[in-house]
Amino acid sequence: MSDSNRTAAGWLLAVVSFSVLIAACLIGPAGLSAGEALSGFFSDSASGVIVREIRLPRALAAWLAGATLGASGAAMQGLLRNPLADPGVLGVSAMAALGAVAAIYFNLSAQAPWATPLAAILFALAATFILQTLGAGRLSPARLILVGVGLSSFSGALIALVMNLAPNPFILSDLVNWLFGAVANRSFNDIMLVAPFMAAGLVAALFAAPGLTALSLGEEAAASIGADIEKTRALAIVGAALMTGASVALAGAIGFVGIVAPHLARPFVSQDPGRAIIPAALVGGVILSAADLFIRLLPFDQELKLGVAAALIGAPAFIWVAARTQRIAR
Amino acid sequence: MIDFSVKNLTVERKGAALLRNFNFTAGAGEFIGVVGPNGAGKSTLLRALAGVISSDGAVTLGGAPVNLMTPRERARKIAYLPQSREIHWAMTAEAVVSLGRFAYGAPHRLAAVDAAAVEAALAAADCGSFRDRDASTLSGGELARIHLARALAAETPIIIADEPTAALDLKHAIAIVDLLNRKAAAGGLAIVALHDLDLARRFCTRIIVLNAGELVADAAPEAALTDQVAREVFEVARDARGWRLADQ
């Protein structure tokens, strides 16, 4: 794909993102007309409250959660040279979810709203710290993934334990709602709590980008052409941890976006893993915000959870990618 | 001028020495063949020389320790061709060769001088006919040439290559060794692990023989690759029809 086509594709993704966000603000059960909704952006009327404080933050939350998952996935795939890697595979998502679940269980979330994001991000960082420590920064991709599988299972067991011990059905219902992944009822305050971590994570991942491109040749060749492998690894892992923790805190555990978004983005950048990060973020944002809009339009009494919808589409896509992948990083 | 010096180079992993007290100096115009049986420490030596693994001892270039250079500084002086020819992701052959200019700037937007180096390398390694192909569809010989072109594109005074002829037919093997020989003759330094003793004898200016992590011989080809070395190190002998096992 030529440079001009790539630029056009980038603009197209940005325009689609913007359109989905606007559409999400115009459509909803309150039955506002498009004109009422649009004027709501600029007025303090009831429609203003609905558009600015309910629809827009929800749509933005879905977009941001998808974008950071997409960017994390692109960074992890570049680092591990494996199109099936993502924060979910490495156990970072599961650990972040465990952190958030613990915050809910111990009632910290009820006392301080920032306890959930903080716990999710801290646990995501702890997961990457464990990954780094166990391998002293020198784990082969295959072993790193196996450690991630272990971390996922362990976090899953602890989450199940917490749910098992839930003192009352209300906390259990809170946990289940949150674990399924949802962006309903998110406010700008929720977004502002996690946005700095998302931004910091994206910056770290972008600093790792040239090294990720070099890693296409394997670690020894990448080091020999001038890439700083240790720095690249640290930046990519910390960047992915910050973005994943923040995304999980905002929207719960949503799988597969981190695998599917980079897969769709890569053809736009000649398969270059370093340059796939931003396009993967745009694609991820479009996927989740469009999925959330779709959910809101379904005529069910009980709203479908975003994480459930993402998995219903994402899991078959994951299997498709897995079946098409010829070479797995050794 | 190239002044490449190795003093007391030792590489240990898990308490076992893969390479013990290795010393040599090399300069411009030399094409050094590193030979030895499997497990002799050839790859370990080349990795340590290229600075991609940690080692004890001193590897210096022009008096400057290689392990104190930044990765980019080192990459502008020493090109390294690992044995593995892995290319992840479906990149074009040309994109792989362009990565040879990584140490000179952004990998995506090549300056004119970088683009010229990539062109020259593609031509030198005879990769022009498949430069636009997805690297995952290339044959073993094409892949070997692409990786060689990637190393050549860096335009470094020193090239270190780990069995660049492995799994190649004779014509392609000779073409690659001949190319490295010409790079050395033009004022460069090539240090190349080879399994084919005949190729080494014909094209190298100097041979280093390794066995079990130790230096056995370091001399001109005829002096290094003696019948005794063949028998004791490689456990083979030569008769009128070619190589055979030494004890038969």
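The structure presented is a predicted model; accordingly, all values stated were derived computationally and were not measured. Every chain is numbered on its own, with residues counted from 1 as its sequence reads. Whichever chain is written first is A, and whichever ligand is written first is 1; the rest continue in order. Only residues with pLDDT of at least 70 get local features here, since the model is predicted, and only at 80 or more are side-chain atom pairs given and counted; chain-wide, interface and lining totals rely on the full set of residues. Think of the side-chain values as coming from all heavy atoms in the structure, minus any hydrogens and water.

Draft legend 1. The arrangement of the interface of chain B and chain A in detail. Contact with chain B, which involves 25 residues of that partner, is made by 30 residues of chain A. For salt bridges, the criterion is a side-chain nitrogen of Lys or Arg within 4 Å of an Asp or Glu carboxyl oxygen. Between the two partners, chain B and chain A, sit one salt bridge. Linking Arg47(B) and Glu220(A) is a salt bridge whose minimum nitrogen-to-oxygen distance equals 2.3 Å. As used in this structure description, the phrase polar contact means that two N or O atoms lie within 3.5 Å; if the pair is within protein, one of them must be able to donate a hydrogen and the other to accept it, and residues adjacent in sequence are counted only when both atoms belong to side chains. The tally of links between chain B and chain A comes to five residue pairs in polar contact (both at pLDDT 80 or more). Only DSSP runs of H or I with at least four residues qualify as helices, and only runs of E with at least two residues qualify as strands; both kinds are numbered from the N terminus onward. Those elements giving two or more residues to the side of chain B that touches chain A turn out to be helix H2 (71-75), strand E6 (78-81) and helix H5 (140-153) of chain B. Among the elements that take part in the side of chain B that touches chain A, H2(B) stands out by supplying four residues, more than any other. Each residue belonging to the side of chain B that touches chain A can be placed in one class, and the counts come to 15 nonpolar, four polar and six charged. Contacts are residue-level and defined by heavy atoms, with any inter-residue pair within 4.5 Å sufficient. When residues are sorted by character, Ala, Val, Leu, Ile, Met, Phe, Trp, Tyr, Cys and Pro go into the nonpolar class, Asp, Glu, Lys and Arg into the charged class, and all the rest, Gly among them, into the polar class.

Draft legend 2. Representation of the pattern of salt bridges in the model. Summed over the entire model, instances satisfying the criterion amount to 19 salt bridges over all chains. For the salt bridge of Asp198(B) with Arg238(B), the shortest nitrogen-to-oxygen distance reads 2.4 Å. Taken as a pair, Asp198(B) in helix H7 (residues 197-203) and Arg238(B) in strand E11 (residues 236-239) lie far apart in primary sequence, 40 residues in all. Using a 1.4 Å probe on the protein chains alone, a residue whose accessible area is under 20% of its type maximum counts as buried, one over 50% counts as exposed, and one in between counts as partly exposed. The class for Arg238(B) is partly exposed, based on a relative accessible area of 41%. Through salt bridges that share partners, Arg81(A), Glu219(A), Glu230(A) and Arg233(A) make up one connected network.

Draft legend 3. Here's a closer look at the packing of aromatic side chains. A pair of aromatic rings is counted whenever rings of Phe, Tyr or Trp (Trp by its six-membered ring) have centres within 6.5 Å, and the orientation is called stacked for planes under 30 degrees apart, edge-to-face for over 60 and tilted otherwise. Tallying each qualifying case throughout the model produces two aromatic pairs over all chains. Over the face of the ring belonging to Tyr104(B) we find Arg101(B), whose NZ or CZ atom lies 3.9 Å from the ring centre. Two conditions define a charge located above a ring, namely a distance within 6 Å from the ring centre to NZ of Lys or CZ of Arg, and an angle within 35 degrees of the ring normal.

Draft legend 4. Main features of unusual backbone geometry. All names here are of chain A. Phi at Asn 107 is positive, roughly 65°, even though this residue is not glycine. For Asn 107, the location among the structural elements is in the loop between helix H4 (92-105) and helix H5 (108-111). Exposure remark for Asn 107: the relative accessible area of 38% places this residue in the partly exposed category. Non-glycine residue Ser 270 carries a positive phi angle of around 50°.

Draft legend 5. Seen up close, a nonpolar patch on the surface. For patch detection, residues must exceed 30% relative accessible area and be free of salt bridges, and they are connected within 9 Å for like charges or within 5 Å for nonpolar side chains (Val, Leu, Ile, Met, Phe, Trp, Tyr). To measure how exposed things are, a 1.4 Å probe is used in the Shrake-Rupley method; for residues, cover is taken only from the protein chains shown. On the surface, a cluster of nonpolar side chains totalling about 310 Å² of accessible area is made up of Trp114(A), Leu118(A) and Leu122(A). By secondary structure assignment, the location of Leu122(A) is in helix H6 (residues 115-135).

Draft legend 6. Inspection of the side chain of His88(B) at higher detail. As for its placement among the helices and strands, His88(B) is situated in the loop between E6 and helix H3 (93-98). Of the polar contacts made by the side chain of His88(B), one reaches the side chain of Glu86(B); its length is 2.8 Å.

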